[in-house]
Amino acid sequence: MAWAHVGDDVYGDDPTVKDLEAETAALLGKDDAVYMPTGTMTNQVGIRAHTEAGDAVLFDQNAHVYLLEGGAPAAYSGILPRLLPGVRGIFTSEDVVAAVGQPHPFFPSTVSAPVKLLCLENTHNGGGGTIWPIDQLKAVTAVGRDLGLNLHLDGARLWHASAATGIDLLEYAGPFDTVSVCFSKALGAPVGSCLAGSAELVARARRFKQQVGGGFRQAGIVAAGALHALRNHRDRLPEVHANAKRFAEAVSQFDGIDLNPEGVETNIVRLRLTGLRSAAFVDQAYDFGLHVLPSGVDGVRAVFYLDISAEDTERAIAVVAKVLAEV
Ligand SMILES: *Cc1c(COP(=O)(O)O)cnc(C)c1O
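What you see is a predicted model, and the numbers here were worked out from it, not measured in a lab.

J.: How should I be thinking about the environment of Pro15 in this particular structure?
T.: Mapped onto the secondary structure, Pro15 falls in helix 1 (residues 15–28). The partly exposed category is assigned to Pro15, whose relative accessible area is 34%. With near-sequence residues (within four places) excluded, Pro15 lies in contact with His5, Val6 and Gly7.

The structure is reproduced here in structure tokens:
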């Protein structure tokens, strides 16, 4: 990063940003990609590029783009979210068909907001790092396509799905018009995301990126970290996943924790506390040096990444035991 060649991202002449965009687009099988500071920005600029105000967009009920991006779909794109009843983030073709509905002479299409876009998230954060089964992903996106919808993938952790299953990124990304990927999620890069897609959609997205202040000048400094992560750290994700699994298996044995370790597929562990509130648990764990997030009244989310070693994982397990014993 210190030695990165830089230019000016606003003028499209930062060589490190351009390398990162080209390599990301190639890995995902798309014409082009555009680098932005955050995954929230790549998702929301992506949604904006596909829609106009008053359109409806289909999201899983626990989608990051819907729940955790500051209300941006409403505030920025002015779209109407239509929520799908996913289970751990995974919904069905029937859910999509039901949400789009059937036109009828007595129910003209002018009445409801036109559904323009279908969003999937892989892996699914709210679901606990769940991976979309590839056959179901293909079926759901094919139905969306038949219904005339555009398709966006929030692939913040798409690398993790591919590392866990061995299925190529090209196969996961193939059905989508746009794919958002993060370099900061377990891969060890400090910040940044890319939105990949057709030349036309990415050109349109570049305009919206500028509109929200995403033209970040000598961005090659951070893009160099992202490029290093992309080239060197994807292969190490299985280590990260093994630590998450080890943690889940150990803490699932403790009284006071409800967790099925078999559901832990990648680097996210979501557990329920049976006798404690999540805020109390998380505060005490923090004081003992373990940083985990509260999720609702009794849920806790633990996320593993490249800098957490197997020894750190054992320490985390010990901290959980100590918190359960003391609080
Ligand atoms: C983290 C995350 C994002 C947003 O990325 P930021 O860089 O934090 O804005 C989007 N989608 C998912 C699934 C995420 O986990």
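J.: Honestly, the pattern of salt bridges in this entry has me stumped. Any pointers?
T.: Oppositely charged side chains may form a pair once their charged atoms are brought near each other. The tally for this structure, following the rule as stated, stands at twelve salt bridges. It is possible to trace a salt-bridge network through shared partners that takes in Glu21, Asp32 and Arg206.

J.: What should I look at first to understand the sheet that holds strand 1 (residues 32–36) in this one?
T.: Strands pair in a sheet through their backbones, by hydrogen bonds, and they do so in one of two ways: parallel or antiparallel. The seven strands are arranged 1-7-6-5-4-2-3 in an open sheet whose pairing can be described as mixed. The strands lining the two open edges of the sheet, one partner per strand, are strand 1 and strand 3 (80–84). Neighbouring strand axes in the sheet, compared pairwise and without regard to direction, differ in orientation by 20° on average.

J.: I would appreciate a short explanation of the packing of helix 2 (residues 39–50) against helix 9 (residues 199–211) in the present structure.
T.: When two helices pack together, their arrangement is given by the angle between the helix axes and the distance between those axes. For the pair helix 2 and helix 9, interaxial distance at closest approach is 9 Å and the crossing angle is 115°. Remark: the crossing between helix 2 and helix 9 carries right-handed chirality. When helix 2 is examined against helix 9, the residues Val45, Arg48, Ala49 and His50 are found in contact with a partner set consisting of Leu201, Arg204, Ala205, Phe208 and Lys209. Its residues placed into classes, the contact of helix 2 with helix 9 shows five nonpolar, one polar and three charged.

J.: Mind showing me how you'd approach the packing of aromatic side chains here?
T.: Within a pair of aromatic rings, the relevant descriptors are the distance that separates the centres and the angle that separates the planes. What the rule picks out here adds up to six aromatic pairs. Between Phe91 and Trp132, the ring centres sit 5.0 Å apart and the planes meet at 80°, which makes this aromatic pair edge-to-face. Of this pair, Phe91 sits in the loop between strand 3 and helix 5 (93–100) while Trp132 sits in the loop between strand 4 (115–121) and helix 6 (134–146), placing them 41 residues apart in sequence. A relative accessible area of 1% means that Phe91 is categorised as buried. Each member of the aromatic cluster is reached from another via a ring pair, and the members are Tyr35, Trp159, Phe183 and Phe216.

J.: How should the site of the ligand be read in this particular structure?
T.: In the vicinity of the ligand, 13 residues are found, and the nearest of them are Gly39, Thr40, Asp154, Arg157 and Lys185. Between the ligand and Thr40 there is a distance of 2.7 Å, counted from an oxygen atom to a side-chain nitrogen or oxygen. Within the side chain of Lys185, an N or O atom sits 2.8 Å from an oxygen atom of the ligand. Calculation on the ligand without its partners gives an accessible area of 380 Å², and the protein chains cover 85% of this total.

The rules behind the values
- Residues numbered from 1 in each chain as written.
- Predicted model: local features only at pLDDT ≥ 70, side-chain atom pairs only at ≥ 80, totals over all residues.
- Heavy atoms only, no water.
- Helix = DSSP H or I, 4+ residues; strand = E, 2+ residues; numbered from the N terminus.
- Buried < 20%, exposed > 50% of the residue type's maximum accessible area, 1.4 Å probe, protein only.
- Contact = heavy atoms within 4.5 Å.
- Salt bridge = Lys/Arg side-chain N within 4 Å of Asp/Glu carboxyl O.
- Pairing = 2+ DSSP bridges.
- Axes fitted to C-alpha atoms, helices over the stretch in contact; angles between N-to-C directions.
- Left-handed = near helix turned anticlockwise from the far one by under 90°.
- Nonpolar A, V, L, I, M, F, W, Y, C, P; charged D, E, K, R; others polar.
- Phe/Tyr/Trp six-rings, centres within 6.5 Å; stacked < 30°, edge-to-face > 60°.
- Near = heavy atom within 4 Å.
- Polar contact = N/O pair within 3.5 Å; in protein donor to acceptor, adjacent residues only side chain to side chain.
- Areas by Shrake-Rupley, 256 points an atom, 1.4 Å probe, with all protein chains shown as cover.

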